[in-house]
Amino acid sequence: MNTDEWTQTLGAGPLLGIAAGAVAVLLLLIITLRVHAFLALVAISLATAFATGIPAEAVVDTLTEGFGSTLASVALLVGFGAMLGRLLEVSGGAQALTDALIRRFGEKRAPLALGIASLLFGFPIFFDAGLVVMLPIIFSVARRLGGGVLRYGLPAAGAFSVMHVYVPPHPGPVAASTLLGADVGLVIAFAVLLAVPTWYLTSYLYGLWIGKRIVLPVPDILGEAETDENPPSAGTVIGLLLLPLVLIFANTGLSTAADAGWIDGDAGWFNVLVALGSTPVALLITVFVAMYVLGTRRGRDKTVVEQILDSALGPVCAIILITGAGGMFGGVLRASGIGDALSDALADMGLPVIVAAYVIATVLRIAQGSATVALTTAAGLVQPLVLGGGFNSIEVVAIVLALAAGSVTAGHVNDSGFWLVGRFFQMDVKTTLKTWTVMQTTIGLVGFGLASVLYLVA
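Conventions we followed
- Residues numbered from 1 in each chain as written.
- Predicted model: local features only at pLDDT ≥ 70, side-chain atom pairs only at ≥ 80, totals over all residues.
- Heavy atoms only, no water.
- Helix = DSSP H or I, 4+ residues; strand = E, 2+ residues; numbered from the N terminus.
- Rg over C-alpha atoms; globule rule 2.2 N^0.38 Å.
- Buried < 20%, exposed > 50% of the residue type's maximum accessible area, 1.4 Å probe, protein only.
- Contact = heavy atoms within 4.5 Å.
- Areas by Shrake-Rupley, 256 points an atom, 1.4 Å probe, with all protein chains shown as cover.
- Lys, Arg positive; Asp, Glu negative; His and termini not counted.
- Charge placed at Lys NZ, Arg CZ, Asp CG, Glu CD.
- Expected span 1.5 Å × (residues − 1).
- Arc of directions from axis to C-beta.
- Axes fitted to C-alpha atoms, helices over the stretch in contact; angles between N-to-C directions.
- Parallel < 35°, antiparallel > 145°, perpendicular 65-115°, else oblique.
- Nonpolar A, V, L, I, M, F, W, Y, C, P; charged D, E, K, R; others polar.
- pLDDT = per-residue confidence, 0-100.
- Core = buried A, V, L, I, M, F, W, Y, C linked by side-chain atoms within 4.5 Å.
- Patch = residues over 30% accessible without salt bridge, like charges linked within 9 Å, V, L, I, M, F, W, Y side chains within 5 Å.
- Salt bridge = Lys/Arg side-chain N within 4 Å of Asp/Glu carboxyl O.
- Left-handed = near helix turned anticlockwise from the far one by under 90°.
- Phe/Tyr/Trp six-rings, centres within 6.5 Å; stacked < 30°, edge-to-face > 60°.

K.L.:
Quick one: what's the story with the overall build of the chain, residue by residue and with numbers?
P.N.:
On a plain count of helices and strands, the chain comes out with 19 helices and 0 strands. Computed over the C-alpha atoms, the radius of gyration of the chain is 22 Å, within 12% of the 23 Å expected from 2.2 N^0.38 for a compact globule of 458 residues. Overall, the C-alpha framework of the chain stretches about 65 × 55 × 50 Å when taken along its three principal axes. A total of 458 residues make up the chain; the buried ones form 54% of that total. Long-range pairs, those at least 24 residues apart, make up 82% of the contacts in the chain with a sequence separation of at least 6. On the chain, roughly 18,000 Å² of surface is accessible, and the fraction owed to carbon and sulfur atoms is 65%. When the 20 basic and 27 acidic side-chain charges of the chain are each reduced to a single mean position, those positions are 18 Å apart.

Okay, here's the thing in C-alpha cells:
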C-alpha cells in the first residue's frame, strides 16, 4: 500500500504527543544511553511509523523513501565537496587562501571575512554544498588563529543557512513566491536586505559570543592539516571556488530566461547547459578541474591524486548515513500527517495573515524537519488568504519572508542539516542544540521581525 492511499485517523493532539515523545526518546537514546545516532534515528523512525498508524506494509517503503530522498540530495554534494576540500587541504590551497584573507581583513576580522564570503557563495549554492566546500577554509583559519572552530564555523554556516532559506533562487522561497503570486525580483531585493542584517546579528555576532563560551577543537574530518612546499596561489583557489558558483548561476539565469520566454526552454542545448549547471554536476566538474590544477599540473602522480580523493570519502560516510537517517525521521513525520494536522488547526485561529504564516511555517518546521517542505506547505495553506486579501506587492513579499522565517526556526533532530553541521563540527547532540538550534531560531525570529516591519510600512 502507498501512503497516498491511506487516511490518517488520529487527531492533532495524539499526533503531536507521538512526535514529542519520539523526539524525547531519540534524545534519551543518543545523549543518555550513548546509542549511535544512525541506529537511534532508524529505530525511532520505525517506532514512530507504527505509532502513528502508517500501514505495516507501507512502513519500510516510507523509511527507505525518506532515507533515499535525503541521500539523493546530500550524498553527492557531501562526497564531491569532501573531495574538493581534501585537494584544497593537501595542496596547501586552503592555507594560501587563509593567509590572503588574514592579510586582507586582519586576524580579528577573519570570522567576518569567512561569513561575507559564505553569503556570496550562498546566493546560488545550496546550504549543504556550500558549507562542505568552505569547510577546509574554515578549519584552516581556525587552526591558524585559534579560538575554537565555532568562532569561525558558525558565521559561515549561518550565512549559507540565511541565504538558502530567504533568497531565491533557492527552492523554498521560489515555491512560496510562485504560490502567493509574489514578484520574484522584489523578493530577491528585499530578501537580501533582510538576510544581511539577520546574518550579522544572529550568526556573526552570536557566533563570536558562543564561540568564546564553547571552545571546540578543529576537527580532522577532512584529514590532518598538511603543508605543501609550493602551494597554489590564493587566486587559483578563489577561481576553483567560483567555478561551481558560475555554473550554478548560469543554470539559474538560463532557467529564468526560459520561464520569461526569452529563449526556447525545449532546445537541446538549453537542457544540456542546465544539466551542467545543476549543483551536483557543477561540483563534479569542479573536482575534475581541481584534480588537474591542484594535482597533475603540480607534478603529483595520478595514483597519489586518486589516494587523496579516496581518503576524503571515508571520514564523511558516517555523516552521510546519519544525515540520511535524519531525513528518514522527517519523512516518517511528514507521511504520518503530523504537520498537516497541526497546520490545519492553526489555520483556523484567526491570526493576522503574516503572523499566521510565520506560526504555521514554524510548527511545520518543528514537526517534520525540512525547511523547504515547511515553507512550501505553509505557503499553500495561506495562499487563499493572500490571493483573496487585496495585498499590495510589498505586503506579499513580506508574507513570503515571514513564511521563510518560520521555516528555519528551531531546526533540531528531525532536520538533516542539524546532523550535517553537528557531525562536521564534531559536536554532540546537546552542544548542537545549544549552538545550531539556538542560532536557527534567532535567524527565524529576527527575520520575522524585519519582515513584519516591511509589512507594516508597505
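K.L.:
Which residues make up helix 1 (residues 12-32), and what values go with them?
P.N.:
Given 3.6 residues per helical turn, the α-helix brings residues three or four places apart onto the same face. Relative to the 30 Å expected for 21 residues at 1.5 Å per residue, helix 1 spans 29 Å between its end C-alpha atoms, a close match to the ideal helical length. Every buried residue of helix 1 is listed here: Leu-15, Ala-19, Ala-22, Val-23, Leu-26, Leu-29 and Ile-30. Projection of helix 1 onto a plane perpendicular to its axis shows the buried side chains occupying an angular sector of 130 degrees, all on one side. Of the residues in helix 1, the exposed ones pointing more than 90 degrees away from the buried face are Gly-13 and Thr-32. Positive backbone phi, at 60 degrees, marks Arg-34, one or two positions downstream of helix 1.

K.L.:
Any details on the packing of helix 5 (residues 110-121) against helix 6 (residues 127-145)? Residues and values, ideally.
P.N.:
The contact between helix 5 and helix 6 brings their axes to 11 Å, and the two run at 175 degrees. It follows that helix 5 is roughly antiparallel to helix 6 by the angle criterion. Residues Ala-110, Leu-114, Ala-117, Ser-118 and Phe-121 of helix 5 pack against Met-134, Ile-137, Ile-138, Val-141 and Leu-145 of helix 6. Counted by class, the contact of helix 5 with helix 6 contains 9 nonpolar, 1 polar and no charged residues.

K.L.:
Break down the confidence of the model for the chain for me, with residues and values.
P.N.:
Where the model shows low pLDDT, its predicted coordinates should not be examined in detail. Mean pLDDT for the chain: 84, with 94% of residues reaching 70 or above. Averaged pLDDT values over the elements of the chain bottom out at 65 in helix 14 (residues 338-347) and peak at 95 in helix 19 (residues 429-457).

K.L.:
Help me get a handle on unusual backbone geometry, residues and values and all.
P.N.:
Of note, the phi angle at Arg-34 is positive, near 60 degrees, even though the residue is not glycine. Mapped onto the fold, Arg-34 is located in the loop between helix 1 and helix 2 (37-51). On the accessibility criterion, Arg-34 (63% relative accessible area) is exposed. The residue Gln-426 is not glycine, and still its phi comes out positive at about 55 degrees. Within the secondary structure layout, Gln-426 lies in the loop between helix 18 (416-424) and helix 19.

K.L.:
Give a description of the nonpolar core that names residues and reports values.
P.N.:
Tyr-166, Ile-399, Leu-403 and Trp-419 are the most contacted members of the largest nonpolar core, which has 146 residues in total. Per element, the largest residue contribution to this core is 15 residues, and it comes from helix 3 (residues 56-91). Counting 5 residues, the second largest nonpolar core, distinct from the first, contains Leu-254, Ala-258, Ala-267 and Phe-270.

K.L.:
Describe a nonpolar patch on the surface, listing the residues and the values that go with them.
P.N.:
Taken together, the side chains of Trp-269, Val-272, Leu-273 and Leu-276 define a hydrophobic patch exposed on the protein surface, amounting to about 370 Å² of accessible area. Tracing the backbone shows Leu-273 in helix 11 (residues 268-276).

K.L.:
Please provide a residue-by-residue account of the pattern of salt bridges, values included.
P.N.:
Under the criterion given, the structure shown has 1 salt bridge. In this structure, Asp-415 and Arg-365 form a salt bridge, with 3.3 Å as the shortest nitrogen-oxygen distance. Placement of the pair is Asp-415 in the loop between helix 17 (393-408) and helix 18 and Arg-365 in helix 15 (residues 353-368), with a sequence separation of 50 residues. Since its relative accessible area comes to 9%, Asp-415 is described here as buried.

K.L.:
Please give an account of the packing of helix 15 against helix 17 that cites residues and values.
P.N.:
Contact geometry of helix 15 with helix 17 gives a least axis separation of 7 Å together with a crossing angle of 25 degrees. When the axes of helix 15 and helix 17 are compared, the pair comes out roughly parallel. Along this stretch, helix 15 crosses helix 17, giving a crossing that reads as right-handed. The residues of helix 17 that touch helix 15, namely those facing Val-353, Ile-354, Ala-357, Tyr-358, Ala-361, Thr-362 and Arg-365, are Ala-398, Ile-399, Ala-402, Leu-403, Ala-405, Gly-406, Ser-407 and Val-408. A class-by-class count of the residues in the contact of helix 15 with helix 17 yields 11 nonpolar, 3 polar and 1 charged.

K.L.:
Explain the packing of aromatic side chains residue by residue, including any values.
P.N.:
Under the counting rule described, the total for this entry stands at 10 aromatic pairs. Both rings, one in Tyr-358 and one in Phe-448, keep their centres 4.3 Å apart while their planes meet at 20 degrees; by these two values the pair is stacked. Of this pair, Tyr-358 sits in helix 15 while Phe-448 is found in helix 19, placing the two residues 90 residues apart along the sequence.

K.L.:
Go over the environment of Ala-58, please, and point to the residues and values.
P.N.:
Counting through the fold element by element, Ala-58 comes out in helix 3. Judged by relative accessible area, Ala-58 falls into the buried class, the value being 2%. The sequence separation of Ala-58 and Gly-268 amounts to 210 residues, and the corresponding C-alpha distance is 39 Å.

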